[in-house]
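Structural overview for review
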Amino acid sequence: MKRYSVTAAAILTALACTQGHAQTVDATMPVLADAPKVATTQYWETPTASAVSTDTQYVPNLKIKPNTSKGKQTVEAPAVPVRIDADKMSYTGSTGDVYAQGDVVVTQGNQTLMSPRIEGNTKTTEYRTVGGYHFLENGGKTKDITGQNMTYRTSDHHFTADQAFGWNDPYYVKGQNATFDGETGHMEKGMVTTKHAMAFKHTPDYRVEGQDIKVYPGDKVVIKKPSFYIKNFKVLSLPSYTASLRHDKEGKFSIFSLVPKPTYSSDDGIGLHGSTEYPIGKHGEAYIDYRWYSKSGFKPKVGYRHYLPWATASIGYSKESNEYNDETVWVEKIGEVRLDTHTYHVGKSPVTVRGGVNAGYWKEGSVKGSHKEYYTEVSHDPIKLWKNADLRFLGGYQRDYYGYNGTIRSMPYWGARFQSKVGNRANVWVSYNQRNISYNNSPYRFDTTELPKELIYGGSYKLTRLDDVSVSVKTNMMSGQIDSVYYTWHRDLHSFDLYLTYKDAHRSNNDQWKIKFVGKDF
């Protein structure tokens, strides 16, 4: 028997498949070498195409470098090094059978695949793990998946696994008969939860179970007969649930968005919040975001988004909130049409630009009328002053037209943001905002500028694993006096966060306590 270097390709394709991407694999004739006297073999992968910075291309034309004490060997400098450790590796030329056995560990970059045995056939181009598998990415930080058996065909990039369980950022997943055909991912009897809700010894705080889950990357996810749970209480069941992935550039979406999530705030009272998107055509989606509060009532957002190559266009109805004098105020936006560009770098520089326009009908109590706005903003990638310290400047121009009283607000603005981590427990921040508004401000409290020139600075300190405190000071730079100081205690409640804030209003009699209770993953 001779060692077969393309085994590395087979293992790598199986490994890569666990990422949920189609892979490019060239299972050409193997490069053979005499079996070395030790079990560990080092392989080097030499791409036949230009190097790609993503994880979606593997070109395993391999050259072999045995770890033996024989004469010195020369190999080309590796572009992507691959290491396979096993007690035994073998290849049969007449049948095409190939295997690696005995604590097989495959390492390529930040990815590791472990299995007692990996075997396959170069003629059928099918390779499989035997006796279970364990896949890690970034030491388990982004992926940590285990299962019984995995099979992969290099000819059509088809992947199957009878079981899969573990961390696949940003979710914990569990299911049976997982498959990926190069375009669509599929899992039966699946369960999805988050790292904040996961309980390894008990039932997760919340989860979604589905009889059949299909993921179309960059398009949508379809779950047949989904059930949404909080602990063992079934909150909601549907015949089918389709969620859009088109707005999600990072490939992450909130599968729990439809579930009514409990919230609480001093201003709005006890509340429930949920949302979902449904794909329409090739580039659009309908969306709904609903909020209900015991004090403020029902606050929905509904409409349609269309994704252009350079911007996002939308039309919809919404009730939106902001703070005025530290109290929540709501405005009703009727038939608002928006066009917001993506953020673009200027050439190859760190400078970024963005902008947009919108028009609709606003209503806030007795103040109501048309509203139109356009804006543009220039910023840049954060400047790294030192480790864990960032500085960013921004500047822009905003112009609003209010039909209620015919006023026009012209507002150039600029600002700066600094934040830094101090040790393992503390953070500090400073920000300055200046809005050079004309004598006309907004007739709506919703977008009124209270302090045209404000300086905010503060810090936080982690007391325990679950508790931290922070102090934030807001200063009116036009008068030079402190406007207010906010003292906040935060408590980590596993899958929820609790915030208790006291506001010291200094020169007014508006001191107040506020409490917020919100879910982390929502």
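This text goes with the structure placed above it.
Calculation criteria
- Residues numbered from 1 in each chain as written.
- Predicted model: local features only at pLDDT ≥ 70, side-chain atom pairs only at ≥ 80, totals over all residues.
- Heavy atoms only, no water.
- Pairing = 2+ DSSP bridges.
- Helix = DSSP H or I, 4+ residues; strand = E, 2+ residues; numbered from the N terminus.
- Buried < 20%, exposed > 50% of the residue type's maximum accessible area, 1.4 Å probe, protein only.
- Polar contact = N/O pair within 3.5 Å; in protein donor to acceptor, adjacent residues only side chain to side chain.
- Contact = heavy atoms within 4.5 Å.
- Phe/Tyr/Trp six-rings, centres within 6.5 Å; stacked < 30°, edge-to-face > 60°.
- Lys NZ or Arg CZ within 6 Å of the ring centre and 35° of its normal.

Regular strands show a simple pattern: their side chains alternate between the two faces of the sheet. Bridge count for strand β32 (residues 408-422) against strand β33 (residues 426-435) is 10 bridges, and the pairing is antiparallel. Counterpart to Lys421 in the pairing with β33 is Asn427. Linkage of β32 to β33, two consecutive antiparallel strands, is achieved through a turn of 3 residues, within which Gly423 is found at a positive phi near 70°. Pairing between β33 and strand β34 (residues 453-462): 9 bridges, direction antiparallel. Paired with Gln434 across the strands is Lys453, a residue of β34.

Here we take up the side chain of His380. Structurally, the position occupied by His380 is in strand β29 (residues 367-380). Taking the relative accessible area as the measure of exposure, His380 reaches 16% and is therefore buried. At 2.8 Å, the side chain of His380 and the backbone nitrogen of Phe393 are in polar contact. Beyond its immediate sequence surroundings of up to four residues, His380 is in contact with Pro350, Val351, Thr352, Leu391, Arg392 and Phe393.

Next up on the list: the environment of Tyr206. Looking at the secondary structure, you find Tyr206 in strand β16 (residues 206-216). Through-space distance from the C-alpha of Tyr206 to that of Tyr229 is 5.3 Å; in sequence the pair is 23 residues apart.

Its location among the elements puts Ser431 in strand β33. Assessed through its relative accessible area of 12%, Ser431 is described here as buried. Excluding its chain neighbours within four sequence positions, the residues that come into contact with Ser431 are Ala416, Arg417, Glu454, Leu455 and Ile456.

What follows covers unusual backbone geometry. The backbone of Asn138 sits at a positive phi, close to 55°, despite the residue not being glycine. Mapped onto the elements, Asn138 comes out in the loop between β10 (133-137) and β11 (143-147). In this structure, Asn388 takes a positive phi of about 65° despite not being glycine. Inspection of the secondary structure assignment puts Asn388 in the loop between β30 (383-386) and β31 (389-402).

So, on to the packing of aromatic side chains. Under the definition given, this model contains 11 aromatic pairs. Ring centres 6.2 Å apart and planes at 45° place the aromatic pair Tyr374 and Tyr397 in the tilted group. Of the two residues, Tyr374 sits in strand β29 while Tyr397 sits in strand β31, which places them 23 residues apart along the sequence. Taking relative accessible area as the criterion, Tyr374 reaches 35% and is therefore assigned partly exposed. The exposure class of Tyr397 is partly exposed, given its relative accessible area of 23%. With 6.0 Å between their ring centres and 45° between their planes, Tyr402 and Tyr444 make a pair best called tilted. Separated by 42 residues along the polypeptide, Tyr402 in strand β31 and Tyr444 in the loop between β33 and β34 bring together distant segments of the chain. Comparing Tyr402 with Tyr444, the two get one shared label, buried. Cluster of aromatic residues (ring-pair linked, three or more members): Trp362, Tyr402, Tyr444 and Phe446. The ring of Tyr401 carries Lys372 above its face, with NZ or CZ at 5.9 Å from the centroid.

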